[in-house]
Amino acid sequence: MPAAIFTGQVVGKSGEVLFQRVLGAYWVYSVEGVQWWQGELTIESGEKPVLMDGVRLKFDDGRWGVINISRFRMPSPVVEFTGVGSPPE
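Residues numbered from 1 in each chain as written. Predicted model: local features only at pLDDT ≥ 70, side-chain atom pairs only at ≥ 80, totals over all residues. Heavy atoms only, no water.

Draft legend 1. Focus on the nonpolar core. Membership of the largest hydrophobic core comes to 19 residues, with the highest contact counts inside it found for Leu41 and Leu57. Contributions of two or more residues to this core are made by β1 (4–11), β2 (17–31), β3 (34–43), β4 (52–59), β5 (64–72) and β6 (78–84). With five residues, the single largest contributor to this core is β2. Each residue touching leucine 41, except ones within four places of it in the same chain, is listed here: Phe6, Val10, Val22, Leu23, Gly24, Leu57, Ile67, Pro77, Val78, Val79 and Phe81. (Core = buried A, V, L, I, M, F, W, Y, C linked by side-chain atoms within 4.5 Å. Buried < 20%, exposed > 50% of the residue type's maximum accessible area, 1.4 Å probe, protein only. Helix = DSSP H or I, 4+ residues; strand = E, 2+ residues; numbered from the N terminus. Contact = heavy atoms within 4.5 Å.)

Here you go:
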């Protein structure tokens with residue numbers, strides 16, 4: 001599947017906004033009928049990246065998905081993530 005481009009924010013498990021403004025893309029893969037998704041996002045609002053599991057990626061269009069932030073390279077604002085569960089629809 002081609003990349004899905006998004007803008008939005010990342011929200012922690014307790015509802016606090018972790019990254020106020022993000023821009024990114026994700027890809028959906030299907031293997032033997034099972035879908036999974038992964039992508040990259042750029043933190044545009046200036047917060048420092050951190051590794052986190054089970055945080056919510058809230059898209060500006062109202063959709064959302066749960067992600068695990070799996071990798072970043074300082075001082076870059078780009079982080080890689082893996083989606084948890086079904087991709088946002």
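Draft legend 2. Just the pairing of β1, in detail. Counting buried positions over the eight residues of β1 gives six, a clear majority of the element. Where β1 hands over to β2, the hairpin turn is made up of five residues, of which glycine 15 adopts a positive phi near 100°. Where β1 meets β4, four bridges bridge the pair, whose relative direction is antiparallel. Its bridge partner lying in β4, glycine 8 is registered against phenylalanine 59. (Pairing = 2+ DSSP bridges.)

Draft legend 3. Inspection of a nonpolar patch on the surface at higher detail. On the surface, Tyr29, Val31 and Trp36 cluster together into a nonpolar patch covering about 270 Å² of accessible area. Secondary-structure assignment places tryptophan 36 in strand β3. (Patch = residues over 30% accessible without salt bridge, like charges linked within 9 Å, V, L, I, M, F, W, Y side chains within 5 Å. Areas by Shrake-Rupley, 256 points an atom, 1.4 Å probe, with all protein chains shown as cover. Salt bridge = Lys/Arg side-chain N within 4 Å of Asp/Glu carboxyl O.)

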